[in-house]
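Here is how the chains run, residue by residue.
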Amino acid sequence: MARVLMLKCVLCGRTYREREVDYTCPHCGMDGTLDVLYDYDEIKKHFTRECLEKSRDFTQWRYRDILPVNDETNIQPLEVGFTPLYDSGVLAREYGAKKVYIKDDGRNPTASLKDRASAVGVARALDYGKNTIACSSTGNAASSMAGFAAVAGLKSFIFVPESAPEAKVAQLLIYGATVVLVKGNYEDAFNLSTAAIYKFGWYNRNCGINPYLVEGKKTCGLEIAEQLGWEAPDRIFIAVGDGCCISGLYKAFYDLKALGFIDRMPKLVGVQAAGSSPIYHAFKYHLPKVEFVKPDTLADSIAVGAPRNWAKALRAVRQTAGDMVTVTDEEILEAMKELARKTGVFGEPAGVTGFAGFKKMAKERYIGMDERIAIVVTGNGLKDIASARKAVAKPILVEPDINELLKRICC
Ligand SMILES: *Cc1c(COP(=O)(O)O)cnc(C)c1O
Ligand SMILES: [Zn+2]
């Protein structure tokens, strides 16, 4: 396990000791999210590429030397991480790139990338001796946290917008969380959860403010690097809502560079839904901070009008000479079908948004023929069947009669 050297504010650069602050920078308030930094020179001495090669731990905990958990016994047995990275020759040929890799993070225990963060969040809550953990979420962070809390024997309180997809709410209830459906959007759920957490003293798993959760999410980037033999891809596409996932990718490559595992960062491309793109807007117009909007997209996981981790997200894109792009709901649904049919990976709307952004940029001839591209699929398609059904035609309904069938299908 890694001992945390310091927490550093992404806005003002002030540093804090681990136990000095719990969530964001006291000087900058909620926007001042913190980086978790380690003593890289010390870690380098015992944590090497060779150690990883010998490791038999095929979960994200193979990177425990750079994960902020104090007591190993607080790690839950659920297998999170080490999801497949598929090399899609079909997509590479079609879009004119050297390589296109698909990272299928819907293959996590509760079927989204959020499990990476929840695994760390629950271990931290136990480190602090908390018996209740809470969060607000568009859906996946919630269902993920509910699962990990259940395994750890923690109580969980979850705040989700009333409109959260059925499957995600079912997951929450099955895991035994106390579920509060908030009549409003994600921002309303976030604000209510913050007030309740403050009042009751629960552990706060809101990824937008809890610095340790992005550490969990970074394991997605660590895996991509390791799965490609420590040759980082040229560009990585990922959906952006609150901005924690893309910040996790940035932190992964930052850590790997600090440890000497890689020598250059990939360009990170954040993809937002056109109806909910405040971070994209700040990036394109070089704004110092993000202006909040009212979200409107069917990709519920990224329907975030008031992103909490905007500062880290903007840094991830700017510091890596990356980019941002928006896609419409129609483009997202089209991408959902295409990805499933060409790679077998079925993502939820936000899950395929990174791929939709890649398609758009490739069609605009923005991607070089010699580029190696990775695309993160952040959540499984079975999470939101209603949206998937919007993308496709109806099945054929027939009487159980071969003659009728012959009239209805053409082969
Ligand atoms: C949470 C989530 C995202 C976006 O992540 P942020 O950290 O909020 O930017 C994208 N896709 C899925 C499936 C998610 O659950
Ligand atoms: Zn600060």
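Here is what the cut-offs are and how they apply
Residues numbered from 1 in each chain as written. Chains lettered and ligands numbered in written order. Predicted model: local features only at pLDDT ≥ 70, side-chain atom pairs only at ≥ 80, totals over all residues. Heavy atoms only, no water. UniProt positions renumbered as here; feature names shortened; annotations may be inferred. Donors = N, O, S within 2.8 Å, 3.2 Å for Na, K, Ca; no water. Buried < 20%, exposed > 50% of the residue type's maximum accessible area, 1.4 Å probe, protein only. Axes fitted to C-alpha atoms, helices over the stretch in contact; angles between N-to-C directions. Helix = DSSP H or I, 4+ residues; strand = E, 2+ residues; numbered from the N terminus. Parallel < 35°, antiparallel > 145°, perpendicular 65-115°, else oblique. Contact = heavy atoms within 4.5 Å. Nonpolar A, V, L, I, M, F, W, Y, C, P; charged D, E, K, R; others polar. Near = heavy atom within 4 Å. Polar contact = N/O pair within 3.5 Å; in protein donor to acceptor, adjacent residues only side chain to side chain. Arc of directions from axis to C-beta. Left-handed = near helix turned anticlockwise from the far one by under 90°.

- Identification of the protein chain as Threonine synthase from Biomaibacter acetigenes is taken from an unreviewed UniProt entry.
- In its Catalytic activity (unreviewed entry) section, UniProt records this for the protein chain: "O-phospho-L-homoserine + H2O = L-threonine + phosphate".
- According to the UniProt record, the Pathway (unreviewed entry) comment for the protein chain is "Amino-acid biosynthesis; L-threonine biosynthesis; L-threonine from L-aspartate: step 5/5."

### Considerations on the coordination of the zinc ion (ligand 2)
Each pair of donors in an ideal octahedron of six around a metal sits at 90 or 180 degrees, and each pair in an ideal tetrahedron of four sits at 109.5 degrees.
Alright, step 1. For the zinc ion (ligand 2), the full set of protein donor atoms is Cys 9 (SG), Cys 12 (SG), Cys 25 (SG) and Cys 28 (SG), and the range of their distances to it is 2.3 to 2.4 Å.
Alright, step 2. Of note, the donors binding the zinc ion (ligand 2) are all from one chain and are spaced C-x2-C-x12-C-x2-C.
Alright, step 3. According to the relative accessible area criterion, Cys 28 is partly exposed, its value standing at 24%.

### Comments concerning the packing of helix α12 (residues 329–343) against helix α13 (residues 349–363)
Alright, step 1. The contact between α12 and α13 brings their axes to 8 Å, and the two run at 95°. For the element pair α12 / α13, the angle class is roughly perpendicular. Between α12 and α13, the contacting residues are Glu 331, Ile 332, Glu 334, Ala 335, Met 336, Glu 338 and Leu 339 on the first element and Pro 349, Val 352, Thr 353, Phe 355, Ala 356, Lys 359 and Lys 360 on the second.
Alright, step 2. Tallied by class, the residues present in the contact of α12 with α13 amount to eight nonpolar, one polar and five charged.

### Thoughts on the site of ligand 1
Alright, step 1. Around ligand 1 there are 16 residues in total, and Lys 114, Asn 140, Gly 241, Gly 243 and Thr 378 lie nearest to it.
Alright, step 2. Between ligand 1 and Asn 140 there is a distance of 2.8 Å, counted from an oxygen atom to a side-chain nitrogen or oxygen.
Alright, step 3. Take Gly 243: an N or O atom from its main chain is 2.8 Å from an oxygen atom of ligand 1.
Alright, step 4. For the shell around ligand 1, a count of residues per class yields six nonpolar, six polar and four charged.

### A few points about helix α6 (residues 166–174)
Alright, step 1. Buried within α6 are the following residues: Lys 168, Val 169, Gln 171 and Leu 172. End-on, the buried residues of α6 take up no more than an arc of 155°, which puts them together on one face. Facing away from the buried surface of α6 by more than 90 degrees, the exposed residues are Glu 166, Leu 173 and Ile 174.
Alright, step 2. Buried residues in α6 make contact with α5 (140–152), β7 (155–161) and β8 (178–182).
Alright, step 3. Once α6 ends, the next one or two residues include Gly 176, with phi positive near 90°.

### Structural notes on the packing of helix α4 (residues 114–127) against helix α8 (residues 211–227)
For any two helices packed against each other, the geometry comes down to the angle between their axes and how far apart the axes lie.
Alright, step 1. Two elements in contact, α4 and α8, have axes separated by 7 Å at closest approach and are oriented at 140°. Relative to α8, the element α4 is oriented oblique. Crossing hand, α4 versus α8: right-handed. Residues Lys 114, Arg 116, Ala 117, Val 120, Gly 121 and Arg 124 of α4 form the contact with α8, whose participating residues are Tyr 212, Leu 213, Gly 216, Lys 217, Thr 219, Cys 220 and Glu 223.
Alright, step 2. Among the residues making up the contact of α4 with α8, the classes are represented as five nonpolar, three polar and five charged.

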